[in-house]
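This is what each chain is made of:
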Amino acid sequence: MGYDLQPLFLTFRLAAVTTLILCLIGIPFAYWMAFTKVRIKPVLEALVSMPLVLPPSVLGFYLLLAFSPQSAFGHFVETYIGLKLAFSFAGLVVASVIFSFPFMVHPVQSGFQTLPRSLTEAACTLGKSRWQTFARVLLPNIKPSLLAGVVLSFAHTIGEFGVVMMIGGNLPGETKVAAIAIYDEVESLNYDAANFYALVLFSVCFIILLTVYLLNRKMLMRVG
Amino acid sequence: MIEVDIQKKLFSAQGEFTLELKMNIEKGEFISLFGQSGAGKTTLLRCLAGLEKPDSGSIKVNGERWFDGKTAFMLPARHRRAGYMFQDYALFPNMTVRGNLEFALQPGAGKQRVAELIELMGLGELQQRKPDTLSGGQKQRVALARALAAEPKLLLLDEPFSALDHAIRVRLQDEVMRMQRHFDLTTVMVSHDISEVYKLSQRVMVIEQGSIAKQGTPAEVFKSGQASGKFSFAGEVLDIETADVVFAVTLLVGNQVVRVIATPDEVKNLKQGDRVMLMSKAFNPVLVSVAS
């Protein structure tokens, strides 16, 4: 087959990096959100959920403005961190992290919230620190939620189109992910190539989701 | 010795009231807090554990400050070394029985304490099992063992036996008593079961609406007040029939249907469905053992 595999690799690389970053910042954030009593919590919750309801082009448009070297943010990042965000892989990662944020935070946050409070309290009365309680009691007991968060973030990043289109453009090897490649091939009437990318995405996403549901059923059965 | 003198506003179904308690607990003493639900017993226990904050007052343990309302100081629960047994046991589902006990060990404590507790509490067969696979009584034993594994200075039990059936309850009460003596542990238990309080505690405090209504040894508290030489039961009138010059009233007491004789005076204002108190003098009771 003479299809260019690069868009597929790029898609999976983007999804993997995004998911990794989301694990590092999304899980602690979800933990904080689950137990905080700050007044602006509803505001934060609304902001986190925005990507669920906004057209991707809205978010993409603002990110494009923010990423441009003429903007204060884009200029700062380019001069001090040395990252060019507009029309680059790094920019796609930042956008994907923002865009998939609710898909990580929601399941993990509700996982934390459904754990009985007495578990945290028990660890506390046994003299355990907050970190020990988090790492050894809370996290291991919300495995299904963590799995859901990781998988949904990964799958959602694979399926991203609008934001990438707005801020990434169509640079082969840099920002041309599979979803864009499909659009591109259709425009050039290469239906075979479009079908190839589409089929791969379809199968991969289906297999991922199926695995999650099977695993979850197994975990639930073990508990029940 | 534990010196408690705290105030805290509470909101219950009956409205707002203030928990106002002052008490001293001697080392090695077993104290029960007895009273209706919502009287503030569990709140006191949680204040002792550091899980809840009193509004004002102070808690001192062996001279060490645990809470001081004046300086707004509160020693966090994790530094108090107060073993708390939760009503729902709060065992960590991701760890085995042994894992739960080992997690509770203090830094530097040897694993032989876990082995000793497993031996003492007869948990040998269960040690590799996860909490989800245990029965209520077994979970209870693990929870007690786990609280003890952390070498607590104070043991707090929140209605520890309420979810268990009678036979297991009696066995576990013995176990708690044995452990309490073995480790000479100062213990505070919340309970609304008189027989349990009688059996386990040296001192009872009856808590009503947030303050101590009565205290003393179980014998003093329960015999003087409630053992009055009279039985009384709350019941509901099911039926009233005439039988010659008297009336026969059929009542539902608990889930038993009983039929008693009543005078015309007594039934004058009674009708079906009324709530009544049924009382009898206790000079001629029949006691029959119902050993389980």
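All values derive from a computational prediction rather than experimental measurement.

Please clarify how the overall build of chain A should be interpreted in this entry.
A tally of regular secondary structure across chain A gives 11 helices and 0 strands. Listed by position from the N terminus, the elements making up chain A come as α-α-α-α-α-α-α-α-α-α-α. Dimensions of chain A, computed from C-alpha atoms along their principal axes, come out at roughly 65 × 45 × 30 Å. Looking at chain A residue by residue over its 224 residues, the buried ones come to 38%.

What exactly am I supposed to notice about the sheet that holds strand S3 (residues 30–34) of chain B here?
Within a sheet, adjacent strands bond to each other through the backbone by hydrogen bonds, running parallel or antiparallel. Residue and element names in this part refer to chain B. Taken in spatial order, the 6 strands line up as S7-S8-S9-S3-S10-S11 in an open sheet, and their pairing is mixed. Of all the strands in the sheet, the pair left with one neighbour each is strand S7 (82–85) and strand S11 (211–216). The average angle at which neighbouring strand axes cross in this sheet is 20 degrees, direction not considered. In the sheet, S7 pairs with strand S8 (residues 154–158) via 4 bridges, with the strands oriented parallel.

Teacher, can you tell me more about the interface of chain A and chain B here?
When the parts come together, some accessible area is lost, and that loss is often what is quoted as the size of the interface. Contact with chain A, which involves 16 residues of that partner, is made by 19 residues of chain B. Those elements that place two or more of their residues in the side of chain A that touches chain B are helix H6 (117–125) and helix H7 (130–138) of chain A. If one sorts the elements of the side of chain A that touches chain B by residue count, H6(A) sits on top with 6 residues. For the side of chain A that touches chain B, the residue count by class is 8 nonpolar, 5 polar and 3 charged.

What should I look at first to understand the nonpolar core in this one?
Nonpolar side chains in soluble globular proteins tend to be buried together. Within the largest apolar cluster, 118 residues are counted, with the highest numbers of intra-cluster contacts made by Leu48(B), Ala145(B) and Leu156(B). Looking at this core, the element that brings in the most residues is helix H5 (residues 89–114) of chain A, giving 12 residues. Dropping the residues within four chain positions of it, Ala145(B) is found in contact with Leu101(B), Leu117(B), Met121(B) and Leu123(B).

Sorry if this is basic, but what is going on with the sheet that holds strand S6 (residues 73–74) of chain B here?
Residue and element names in this part refer to chain B. On the basis of which strands lie adjacent, the open sheet formed by 5 strands has the order S2-S1-S4-S5-S6 and antiparallel pairing. The strands lining the two open edges of the sheet, one partner per strand, are strand S2 (15–25) and S6. Across 4 bridges, the pairing between strand S4 (residues 56–61) and strand S5 (residues 64–68) is antiparallel. Across the sheet, Ser58 pairs through a bridge with Asp68, a residue of S5.

Help me understand the pairing of strand S14 (residues 256–262) of chain B, please; the structure alone is not making it clear to me.
Successive side chains on a regular strand alternate, one facing one side of the sheet and the next facing the other. Residues and elements named next belong to chain B. Of all the 7 residues making up S14, 0 are buried; the element is thus mostly uncovered. Direction of pairing for strand S13 (residues 246–253) relative to S14: antiparallel, over a ladder of 7 bridges. When the sheet's bridge partners are listed, Phe247 is paired in S14 with Ala262. The hairpin turn running from S13 into S14, its antiparallel successor, is 2 residues long, and Gly254 in that turn takes a positive phi close to 65 degrees.

Mind showing me how you'd approach the packing of helix H4 (residues 136–149) of chain B against helix H5 (residues 166–182) of chain B here?
All names here are of chain B. Interaxial distance between H4 and H5 falls to 11 Å at its minimum, and their mutual angle equals 10 degrees. Considering their axes alone, H4 and H5 lie roughly parallel with respect to each other. Only Ile168, Leu172, Glu175, Val176 and Met179 of H5 make contact with H4, whose side of the interface consists of Gly137, Gln140, Arg141, Leu144 and Leu148. Class assignment of the residues belonging to the contact of H4 with H5 gives a composition of 6 nonpolar, 2 polar and 2 charged.

Even after reading the chapter, I still don't get helix H2 (residues 97–104) of chain B, so can you show me in this structure?
Residue pairs three or four apart in sequence face the same way in an α-helix, which turns once every 3.6 residues. Summarising burial for H2(B): 6 of the 8 residues are buried, a large majority. Of all the positions in H2(B), only Val97(B), Arg98(B), Asn100(B), Leu101(B), Phe103(B) and Ala104(B) are classed as buried. Contacts made by the buried residues of H2(B) are with H7 of chain A together with helix H3 (112–120) and H4 of chain B.

It is not clear to me how the confidence of the model for chain A should be interpreted in this structure. Could you clarify?
A low pLDDT score tells you not to read the predicted coordinates there in detail. Put simply, chain A has an average pLDDT of 89, and 97% of its residues get 70 or more. Confidence, read as mean pLDDT per element, is least for helix H4 (residues 72–81) of chain A in chain A (83) and greatest for helix H1 (residues 6–35) of chain A (94).

Honestly, the packing of H3(B) against H4(B) in this entry has me stumped. Any pointers?
Two quantities define a packed helix pair, namely the angle between the helix axes and the distance between the axes. Residues and elements named next belong to chain B. Contact pair H3 / H4: the axes reach a minimum separation of 10 Å and the direction vectors enclose 150 degrees. On the basis of the axis angle, H3 is roughly antiparallel to H4. Crossing hand, H3 versus H4: right-handed. Listed contacts from H4 to Arg113, Val114 and Leu117 of H3 are Ala145, Leu148 and Ala149.

Looking at this model, I keep getting lost on the environment of Leu64(A). Mind explaining?
Residue and element names in this part refer to chain A. Position of Leu64 among the secondary structure elements: in helix H3 (residues 56–67). What makes Leu64 buried here is the crowd of 22 C-beta atoms within 10 Å. Separated by 35 residues in the primary sequence, Leu64 and Phe29 place their C-alpha atoms 25 Å from one another. Setting aside anything within four residues of it in sequence, one finds Leu64 in contact with Ala86, Met166 and Ile167.

Parameters at a glance
Residues numbered from 1 in each chain as written. Chains lettered and ligands numbered in written order. Predicted model: local features only at pLDDT ≥ 70, side-chain atom pairs only at ≥ 80, totals over all residues. Helix = DSSP H or I, 4+ residues; strand = E, 2+ residues; numbered from the N terminus. Buried ≥ 20, exposed ≤ 12 C-beta atoms within 10 Å, placed from the backbone. Pairing = 2+ DSSP bridges. Axes fitted to C-alpha atoms, helices over the stretch in contact; angles between N-to-C directions. Contact = placed C-beta atoms within 7 Å. Nonpolar A, V, L, I, M, F, W, Y, C, P; charged D, E, K, R; others polar. Core = buried A, V, L, I, M, F, W, Y, C linked by C-beta atoms within 7 Å. Parallel < 35°, antiparallel > 145°, perpendicular 65-115°, else oblique. pLDDT = per-residue confidence, 0-100. Left-handed = near helix turned anticlockwise from the far one by under 90°.

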